[in-house]
Amino acid sequence: MAIDIHWIRDNDSLGQLCAQWQQLPFVALDTEFMRVDTFYPIAALLQIGDGQRAYLIDPLTIDNWQPLAALLENPAVVKVVHACSEDLEVLLRLTGSLPAPLFDTQLAAAYLNLGFSMGYSRLVQEVLGIDLPKGETRSDWLQRPLSETQVSYAAEDAVHLAQVFTELRPRLSEDKYRWVLEDGAELVANLRREVDPYEVYREAKLAWKLSRAQLAVLRELCAWREREARARNLPRNRIVREHALWPLAKTQPDNLSALAKIEDMHPRTVRQDGEFLLDLIKRTASVGPDQWPPAVPEPLPIEAAALLKRLKAVGQAQAERLGIAPEVMLRKKTLESLLKSGFPNGPYQLPDSLRGWRRELMGQALLDSLATAGEQP
């Protein structure tokens, strides 16, 4: 079947079409971008599907994104996406806005128990019985003109995404539809939260093994790396490699030779930023205990595995009852946060990350499961 493809290459055309799309119940939305040597994704193409046609928007020739921003923010138009975390970054960087309400077809497939974390091609095959061509995802989307294969690939994505939505939507109960939109709103909210560079150290590998004085150094290193990655628009590992952060904070080298010997330390980092890093480490190592961050909690001990299993079973039982992929019920990080709040003897407290329908449906059952765990033979 030939796809009706419309190119949008100027501000006026985008404005006119966005005005039309404002009247629709939904639009399917996809992006192509490049992110090889940059911190931020570079938008290369935007695709919109309205159920009949594919619209290809060229971000290299358009500079007024206000009409698209207004469409993204229109609560009356559902924005349909698939596995959209990076697409959201592209849209935020390009338009300053994020889509709401957001319907992620990958999440919808999980709520219908079709599969968890399904790739787009597999979902299209499962729902529409169409085999999509492969091989264009990693091609150069910034080249102009795009190849016929690229254009066809991009257009098919937009058209079939709209078709997948029209097939999945009626299968979802009103509760499940609301939950998909709730999870979409959570994705958007997470991206809106600007990561505080001074909080990044908490996620660093093995941070819990460092003393508070060493954590002060790690915090400064991670914060500097995060700020520099954004300012230079380079991947974080091009500033300082991930695996070099912990030994830097642990050993605190005081000369370039010692710095160069740090595990996974790239010679380019030593050349470009070595003197600065040595000074940063020296300055931070001299601050008093009143400026040290609190210790990072240790990982849960092996003895907690049985409790973790009990908690997972709460989610699995509800998943079975509701016909939902069990993986979408309770995230492992959420369960670990719950356990860390009171292990080993309680009392336990539901973490903030357990929100919405999950907290409503399973919060008390999780606490009850922990309360009765000690009574088991």
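Note that the structure is a prediction, hence the values are computed from the model and not measured.

Trainee: Can you walk me through the pairing of strand S4 (residues 53-57) in this structure?
Mentor: Each regular strand displays side chains that alternate between the two surfaces of the sheet. The buried count for S4 comes to four of five residues, which makes it a mostly enclosed element. For strand S1 (residues 4-8) and S4, the ladder comprises five bridges, and the chain directions are parallel. Residue pairing across strands places isoleucine 8 opposite isoleucine 57, the latter belonging to S4. The pairing of strand S3 (residues 42-49) with S4 spans four bridges and is classified as antiparallel.

Trainee: Please explain the sheet that holds strand S6 (residues 102-104) as it appears in this structure.
Mentor: Each strand in a sheet pairs with its neighbour through backbone hydrogen bonds, running either in the same direction (parallel) or in the opposite one (antiparallel). Sheet architecture is open: six strands sit in the order S1-S4-S3-S2-S5-S6, paired in mixed fashion. The sheet terminates laterally at S1 and S6, the two strands that pair on one side only. Along the sheet, successive strands turn relative to each other by an average axial angle of 25 degrees, direction set aside. Running over the sheet, helix H3 (residues 85-95) touches strand S2 (26-34), S3 and S6 and is turned about 85 degrees from S2. Docked against the sheet, helix H6 (residues 148-168) engages S1, S2, S3, S4, strand S5 (78-81) and S6, running at close to 145 degrees with respect to S2.

Trainee: In this structure, what is going on with the packing of helix H13 (residues 305-322) against helix H14 (residues 332-340)? I would like to understand it.
Mentor: A pair of packed helices can be characterised by two numbers: the angle between their axes and the separation between those axes. Interaxial distance between H13 and H14 falls to 10 Å at its minimum, and their mutual angle equals 125 degrees. In terms of orientation, H13 lies oblique with respect to H14. At the point where H13 passes H14, the crossing takes the right-handed sense. Here Leu307, Leu308, Leu311 and Lys312 of H13 lie close against H14, whose contacting residues are Lys332, Leu335, Glu336, Leu338 and Leu339. Taken together, the residues of the contact of H13 with H14 break down into six nonpolar, no polar and three charged.

Trainee: Explain the packing of aromatic side chains to me, please; I cannot follow it from the model alone.
Mentor: The description of two aromatic rings rests on the distance between their centres and on the angle between their planes. Scanning all chains against the criterion turns up 10 aromatic pairs. Measuring from ring centre to ring centre gives 6.3 Å for tyrosine 111 and tryptophan 179, while their planes differ by 50 degrees; the resulting arrangement is tilted. Of this pair, tyrosine 111 sits in helix H4 (residues 105-111) while tryptophan 179 sits in helix H7 (residues 174-192), placing them 68 residues apart in sequence. Like tyrosine 111, the residue tryptophan 179 is buried in the burial classification. An aromatic cluster of at least three residues, connected via ring pairs, comprises Phe26, Phe103, Phe165 and Tyr177. One cation-aromatic arrangement involves arginine 9 over tryptophan 7; the distance from NZ or CZ to the ring centre is 4.2 Å. Arginine 93 extends its terminal NZ or CZ atom over the ring of tyrosine 40, reaching a point 3.7 Å from the ring centre.

Here is what the cut-offs are and how they apply
- Residues numbered from 1 in each chain as written.
- Predicted model: local features only at pLDDT ≥ 70, side-chain atom pairs only at ≥ 80, totals over all residues.
- Heavy atoms only, no water.
- Buried < 20%, exposed > 50% of the residue type's maximum accessible area, 1.4 Å probe, protein only.
- Helix = DSSP H or I, 4+ residues; strand = E, 2+ residues; numbered from the N terminus.
- Pairing = 2+ DSSP bridges.
- Axes fitted to C-alpha atoms, helices over the stretch in contact; angles between N-to-C directions.
- Contact = heavy atoms within 4.5 Å.
- Parallel < 35°, antiparallel > 145°, perpendicular 65-115°, else oblique.
- Left-handed = near helix turned anticlockwise from the far one by under 90°.
- Nonpolar A, V, L, I, M, F, W, Y, C, P; charged D, E, K, R; others polar.
- Phe/Tyr/Trp six-rings, centres within 6.5 Å; stacked < 30°, edge-to-face > 60°.
- Lys NZ or Arg CZ within 6 Å of the ring centre and 35° of its normal.

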